Amino acid sequence: MASISFRHIYKKYAGGVTAVSDFCLEVKDKEFIIFVGPSGCGKTTTLRMIAGLEEITEGELFIGDKLVNDIAPKDRDIAMVFQNYALYPHMTVFDNMAFGLKLRKVPKEEIKRKVEEAAKILDIAHLLDRRPKQLSGGQKQRVALGRCIVRNPKVFLLDEPLSNLDAKLRAAMRTELTKLHKRLGTTFVYVTHDQIEAMTMATRIVVMKDGIIQQVDTPQNLYDRPCNLFVAGFIGTPQMNFINCTLVDKGGDVYLNWGENYVKLPAEKANDPALKEYIGKEVTLGIRPECIHEDAASIRAMSDSVIETDVEVTELMGAEIYLYLSAEENSMIARVSARSTARAGDIINVAFDMTRVHLFDKDTERYIVH
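**Describing the overall build of the protein**
Item 1. In terms of regular secondary structure, the protein is built from 10 helices and 21 strands.
Item 2. Oriented by its inertia axes, the alpha-carbon framework of the protein measures out at about 80 × 45 × 35 Å.
Item 3. Looking at the protein alone, contacts between residues at least 24 apart form 66% of all its contacts between residues at least 6 apart.
Item 4. Here the protein has roughly 17600 Å² of accessible surface; of this, 47% comes from carbon and sulfur atoms.
Item 5. One way to put it: in the protein the 48 positive side-chain charges average out to a point 11 Å from where the 51 negative ones average out.

In structure tokens, the structure reads:
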């Protein structure tokens, strides 16, 4: 198996367009790493550079201890699953999976063994005689994976492989891919714009924006300790709420103020040395929807951080309700219990869990305290 090392990788196109800029990353052997970001952020271009389908403009790319900048795709010992599966429509499932092995002149008996083994792992042994048009989206996706598994590559590259599936099947395939990664013990590099896929499957996530790495970390650390406003807003569903406010010192206690609202920072955050220079200045408050509470017990317990809000819309999600609120021209979402009685048009008090708020520099958008 193999690690992957990106050393100051750039991808520039004619006309001065830079798709990927100074990309430095060490992917460990057997890691499941996911590149995530909005469309056009450079994640697929980066994946295609690993595959050799895009030339590297500057920098060095190593797979294992081998520099691969000038090595042809077929000699890199990688396998790629594309968004559209790229199956040959005139071939059976067996022949689609066996095609790469036939090109390498692998003996027939070994091809049969490898294809049947992969089909068993993916639960498609009963489909080997069918053609792609007779398969569902999920089955096609398994065949595309099977075509990679039979080759036993050092690295699996997956480019939004679940994006063509319906929501239920996508959730099921996330679990299957995680189990497959553990079973194969191979390095997986996966591209998606869906942060739920990234959060549920990755050992580490690479968040990208405009061709630049914003943060590389475990899913939990990205969620709990985002390095800037972009990462904070991109990771999490519904996304983090942001409010521009002023840090105010009142008799030794530190408050966040916007309009008529004052919410008190707990001592462990208020005493952080990084906050000292921001007293009297504007900062951006970040708070996740699940940290805004409207039940009576929370309002009593968090009396220093209660504000009045207008309920604009409620969405029942089954196990919980999303409340779309406004306060002093700021919109926010609260994720509350399904037992909530709040309805559109109500005016309600909510309490912020100030132990879990994030503060960001309004100009640089970098975090100040978590």
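That covers the picture; the talk isn't over yet.
**Quick word on the pattern of salt bridges**
Item 1. Enumeration according to the criterion identifies 15 salt bridges in this entry.
Item 2. Across the pair Glu-110 and Arg-113 runs a salt bridge whose closest N-O atoms are separated by 4.0 Å. Here the residue Glu-110 and the residue Arg-113 both occupy positions in helix α3 (residues 108-121), the gap between them amounting to three residues, near one helical turn.
Item 3. Measuring nitrogen to oxygen at the nearest pair gives 3.2 Å for the salt bridge that ties Arg-335 to Glu-320. You can see Arg-335 sitting in strand β18 (residues 330-337) and its partner Glu-320 sitting in strand β17 (residues 320-327), a full 15 residues away along the chain.
Item 4. Here the salt bridges share partners, and the residues they tie into one network are Glu-110, Arg-113, Lys-114 and Glu-117.

**Remarks on the pairing of strand β13 (residues 261-264)**
Item 1. Covered by surrounding structure in β13 are Asn-261 and Val-263 only, the residues Tyr-262 and Lys-264 on the alternate face being uncovered.
Item 2. Relative to β13, strand β12 (residues 253-258) is paired through four bridges, and the arrangement is antiparallel. Paired with Asn-257 across the bridge in β13 is Tyr-262.
Item 3. Hairpin remark: β12 followed by β13, antiparallel, with two residues in the connecting loop; positive phi at Gly-259, about 60°.

**Concerning the sheet that holds strand β9 (residues 204-209)**
Item 1. Spatially, six strands are ordered β6-β7-β8-β3-β9-β10 in an open sheet, and the strand pairing comes out mixed. What marks the edges here is a single partner per strand, and that holds for β6 (78-81) and β10 (212-217). Ignoring strand direction, the axes of neighbouring strands in this sheet form an average angle of 15°.
Item 2. Across five bridges, strand β7 (residues 155-159) lies against strand β8 (residues 187-192) in parallel orientation. Residue Leu-157 lies in a different strand from β8, and its bridge partner there is Val-189.

**Digging into the sheet that holds β12**
Item 1. Spatial ordering of the open sheet is given by β13-β12-β11-β14-β20-β21, a layout of six strands whose pairing is antiparallel. Looking at the sheet topology across the chains shown, the edges are occupied by β13 and β21 (367-369). Taking each pair of neighbouring strands and ignoring which way they run, the sheet shows an average axis angle of 45°.
Item 2. The sheet contact formed by strand β20 (residues 358-361) and β21 spans two bridges and is antiparallel. Across the sheet, residue Leu-359 finds its bridge partner in β21, namely Val-369.

**Focus: the environment of Val-248**
Item 1. Here Val-248 shows up in strand β11 (residues 241-250).
Item 2. Sequence separation between Val-248 and Asn-221 is 27 residues; the distance between their C-alpha atoms is 29 Å.
Item 3. In this structure Val-248 touches Asp-253, Val-254, Tyr-255 and Asn-257, once residues within four positions along its chain are discounted.

**Let's talk about the nonpolar core**
Item 1. Core analysis: the largest hydrophobic core is formed by 48 residues, its most contacted members being Met-97, Leu-145, Leu-158, Leu-177, Tyr-190 and Val-207.
Item 2. Examining the composition of this core, we find that five residues originate from one element, helix α4 (residues 137-149), more than from any other.
Item 3. Not counting residues up to four positions away in its chain, the partners in contact with Leu-158 are Leu-47, Val-81, Leu-145, Leu-177, Phe-188, Val-189, Tyr-190 and Val-191.
Item 4. Counting 34 residues, the second-largest nonpolar core is a separate cluster that includes Leu-256, Val-263, Val-283 and Met-354.

**Digging into helix α2 (residues 93-103)**
Item 1. Looking at α2, one finds that the buried residues are Val-93, Asn-96, Met-97, Ala-98, Gly-100 and Leu-101.
Item 2. Where α2 is buried, its residues touch α3 and α4.
Item 3. Positive phi shows up at Lys-105, right after α2, with a value of about 60°.

**A word on the packing of α2 against α3**
The angle between the axes and the distance between the axes are what describe a pair of packed helices.
Item 1. Direction vectors running N to C along α2 and α3 enclose 130°, while the axes themselves pass 10 Å from each other. When the axis of α2 is compared with that of α3, the two are oblique. Considering only the axes of α2 and α3, their crossing is right-handed. From α2, Phe-94, Met-97, Ala-98, Leu-101 and Lys-102 reach across to α3, where they touch Ile-111, Lys-112, Lys-114, Val-115, Ala-118 and Ala-119.

**So, the side chain of Ser-298**
Item 1. For Ser-298, the location among the structural elements is in helix α10 (residues 296-301).
Item 2. Accessibility expressed as a relative area gives 11% for Ser-298, which makes it buried.
Item 3. Among the polar contacts made by the side chain of Ser-298, one reaches the side chain of Asp-295 at a distance of 2.9 Å.
Item 4. If we skip the residues at most four places from it in the chain, Ser-298 touches His-293 and Ala-351.

**Examining the confidence of the model for the protein**
Item 1. Within the protein, residue pLDDT values average 92, and 100% of them lie at 70 or more.
Item 2. Confidence, read as mean pLDDT per element, is least for helix α5 (residues 167-184) in the protein (86) and greatest for β10 (97).

Cut-offs and rules
- Residues numbered from 1 in each chain as written.
- Predicted model: local features only at pLDDT ≥ 70, side-chain atom pairs only at ≥ 80, totals over all residues.
- Heavy atoms only, no water.
- Helix = DSSP H or I, 4+ residues; strand = E, 2+ residues; numbered from the N terminus.
- Contact = heavy atoms within 4.5 Å.
- Areas by Shrake-Rupley, 256 points an atom, 1.4 Å probe, with all protein chains shown as cover.
- Lys, Arg positive; Asp, Glu negative; His and termini not counted.
- Charge placed at Lys NZ, Arg CZ, Asp CG, Glu CD.
- Salt bridge = Lys/Arg side-chain N within 4 Å of Asp/Glu carboxyl O.
- Buried < 20%, exposed > 50% of the residue type's maximum accessible area, 1.4 Å probe, protein only.
- Pairing = 2+ DSSP bridges.
- Axes fitted to C-alpha atoms, helices over the stretch in contact; angles between N-to-C directions.
- Core = buried A, V, L, I, M, F, W, Y, C linked by side-chain atoms within 4.5 Å.
- Parallel < 35°, antiparallel > 145°, perpendicular 65-115°, else oblique.
- Left-handed = near helix turned anticlockwise from the far one by under 90°.
- Polar contact = N/O pair within 3.5 Å; in protein donor to acceptor, adjacent residues only side chain to side chain.
- pLDDT = per-residue confidence, 0-100.

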